[in-house]
Amino acid sequence: MNYRHIVIAAALACTAVSPAAAGEPRAVVELFTSQGCSSCPPADRLMGQLAQDPSLVTLSLPVDYWDYLGWKDTLALHGNSNHQREYAITRGDREVYTPQAVINGIMHALGSDRAAIENAIAQTRRSAAPLTLPVKLSVAEGKVTVHVPAAENEHRDGEVWLFPVTNKVLVKIGRGENRGRALSYYNVVRRWVKLGDWSGKAEDFSMPLTDLPDADFSLKDVDHLAVIVQSGGAAKPGLMLGAATAALR
């Protein structure tokens, strides 16, 4: 599958976890990938490498629009597909393909091209000043807490999203373009949880850990949490204003 194709059709309750490490991230890298895409495995491997960089918040967002090729992606969320399309509409280029990396919410690059991703990170930092909000994420006494400070620049509103993340998932592909392969996926987002809207003032958001799972995964499947504050809203996603992570194991 050519990457330029356009879309066709538990015991955590009493355990305290340290807040996100000191030093703010330089980029949020979202990888749109699919188990039904033969061009995606190199990008998935690169995501595993980028996940080792503490200055990056990396998120794999498997999509479902290649399922018709004969293999239903076991990790895909339809919301991921919608999110990718909304990015393309917001940018105005309508570029929707796999593997696609979106960097800091405003630029995209081929997900298997490390140099292109690094270049996009540098460009966004020069032109748009992403991730200027020092967001703090912590887990203690069975509760997730996110602190978003007051705005200090022109970016004064956004949405706060929390993601339960599995560090690594090994999948044996039974059909489709990757038939017979065992592939690893890194920092897989299991669910989107909107904590609320941020209006420029310092604010705390929280939720119980026990509210994180859904029918497709349990707390045992969650290795860490990621939070983003993003301008524009879900229907028109824009610049990443802040991000943080916290380990659960």
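Starting from 1, residues in each chain are numbered consecutively following that chain's sequence as written. Local features in this predicted model are restricted to residues of pLDDT 70 or higher, and side-chain atom pairs are both shown and tallied only at a pLDDT of 80 or more, whereas totals for entire chains, interfaces and linings draw on every residue. Side-chain measures here rest on the full set of heavy atoms in the structure, leaving out hydrogens and waters.

S.K.: What exactly am I supposed to notice about the overall build of the protein here?
M.R.: The number of helices and strands found in the protein is three helices and 12 strands. Its C-alpha atoms give the protein a radius of gyration of 17 Å, within 12% of the compact-globule value 18 Å for 249 residues. Dimensions of the protein, computed from the C-alpha atoms along their principal axes, are close to 45 × 45 × 30 Å. Expressed as a percentage of its 249 residues, the buried residues of the protein come to 52%. Accessible area for the protein stands at about 11000 Å²; split by element, carbon and sulfur atoms hold 51% of it. Considering the protein, the positive charge centre built from 25 side chains and the negative charge centre built from 26 side chains are found 5 Å apart. Strands are runs of DSSP state E lasting at least 2 residues, helices are runs of H or I lasting at least 4, and numbering of each runs from the N terminus. Only C-alpha atoms enter the radius of gyration, while the globule expectation follows 2.2 Å times N to the 0.38, with N the number of residues. For the exposure calls, accessible area comes from a 1.4 Å probe over protein chains only, and a residue counts as buried if that area is under 20% of its type's maximum, exposed if over 50%, partly exposed in between. Surface exposure here means Shrake-Rupley accessible area, sampled with a 1.4 Å probe, where a residue is shielded only by the protein chains that are shown. The convention is simple: Lys and Arg are positive, Asp and Glu are negative, and His and the chain ends are not counted. By convention, the charge on Lys lies at NZ, on Arg at CZ, on Asp at CG and on Glu at CD.

S.K.: How do you make sense of the sheet that holds strand E5 (residues 136-140) when you look at a structure like this?
M.R.: Within a sheet, neighbouring strands are paired by backbone hydrogen bonds and run either parallel or antiparallel to one another. Only strands joined by at least two bridges in the DSSP assignment are considered to pair. Ordered by their spatial adjacency, three strands build an open sheet running E5-E6-E10, and the pairing between neighbours is antiparallel. Each end of this open sheet is capped by a strand with a single partner; those strands are E5 and strand E10 (203-208). Within this sheet the neighbouring strands show an average axis-to-axis angle of 20 degrees, counted without direction. Where E5 meets strand E6 (residues 143-148), five bridges bridge the pair, whose relative direction is antiparallel. Residue Ala140 lies in a different strand from E6, and its bridge partner there is Lys143. Fitted lines through C-alpha atoms serve as axes, helices being fitted only where they are in contact, and the angles separating the N-to-C directions of these axes extend from 0 to 180 degrees.

S.K.: Help me understand the pattern of salt bridges, please; the structure alone is not making it clear to me.
M.R.: Any two side chains of opposite charge can pair, given that their charged atoms come close. Salt bridge, as used here: a side-chain nitrogen of Lys or Arg that lies within 4 Å of a carboxyl oxygen of Asp or Glu. Scanning the model with the defined rule gives seven salt bridges in all. Among the salt bridges present, the one from Lys136 reaches Glu24, with a minimum N-O distance of 3.6 Å. In this pair, Lys136 is assigned in strand E5 and Glu24 in the segment before strand E1 (27-33), connecting sequence segments 112 residues apart. Here Lys136 falls in the partly exposed class, since its relative accessible area comes to 35%. Using a relative accessible area of 35% as the deciding quantity, one classes Glu24 as partly exposed. Here Lys194 ties to Glu159 by a salt bridge, and the two come within 3.2 Å at their closest N and O atoms. Linking Lys194 in strand E9 (residues 193-198) with Glu159 in strand E7 (residues 158-172), this pair joins segments that are 35 residues apart in sequence. When its relative accessible area of 13% is taken as the criterion, Glu159 is described as buried. Several salt bridges share partner residues, and in doing so they unite Arg26, Asp53 and Glu118 into one network.

S.K.: Sorry if this is basic, but what is going on with the nonpolar core here?
M.R.: Within soluble globular proteins, side chains that are nonpolar generally end up buried alongside one another. Residues Leu137, Val146, Val160, Leu162 and Leu225 are the most contacted members of the largest nonpolar core, which totals 29 residues. Elements represented by at least two residues in this core include exactly E5, E6, E7, E9, E10, strand E11 (224-230) and strand E12 (240-247). Throughout, nonpolar core names a set of buried Ala, Val, Leu, Ile, Met, Phe, Trp, Tyr and Cys residues whose side chains join them through atoms within 4.5 Å. By size, the runner-up hydrophobic cluster in this structure holds 23 residues, among which are Phe32, Trp66, Val102 and Ile228.

S.K.: Help me out: how do you make sense of the packing of aromatic side chains in this one?
M.R.: The geometry of an aromatic ring pair is captured by two quantities: the separation of the ring centres and the angle between the planes. Pairing of aromatic side chains requires ring centres within 6.5 Å, counting the rings of Phe and Tyr and the six-membered ring of Trp. Pairs whose planes differ by under 30 degrees are stacked, by over 60 edge-to-face, and all others tilted. By the definition in use, this model includes five aromatic pairs. Look at Phe163 and Trp192: their rings are 4.7 Å apart centre to centre, the planes differ by 85 degrees, and that puts the pair in the edge-to-face class. With Phe163 in strand E7 and Trp192 in the loop between strand E8 (182-189) and E9, the pair connects residues that are 29 residues apart, well separated along the chain. By relative accessible area, Phe163 is classed as buried at 1%. Within the aromatic cluster, the residues linked to one another by ring pairs are Tyr65, Trp66 and Tyr68.

S.K.: Whenever I open this one, the pairing of strand E2 (residues 56-62) confuses me. Can you help?
M.R.: Remember that side chains alternate between the two faces of the sheet whenever the strand is regular. The buried fraction of E2 amounts to seven of the seven residues, a majority that puts the element mostly inside the structure. Of the two faces of E2, both are covered, the one formed by Leu56, Thr58, Ser60 and Pro62 as well as the one formed by Val57, Leu59 and Leu61. Pairing of E1 with E2, which is carried by seven bridges, proceeds in the parallel orientation. Across the sheet, Glu30 pairs through a bridge with Leu59, a residue of E2. Crossover handedness is defined here as right-handed if the route from the first strand over the helix to the second strand goes clockwise, with the strands pointing away from the viewer. With helix H1 (residues 41-50) bridging E1 and its parallel neighbour E2, the resulting β-α-β unit is right-handed.

Geometric values such as these leave the question of function open.
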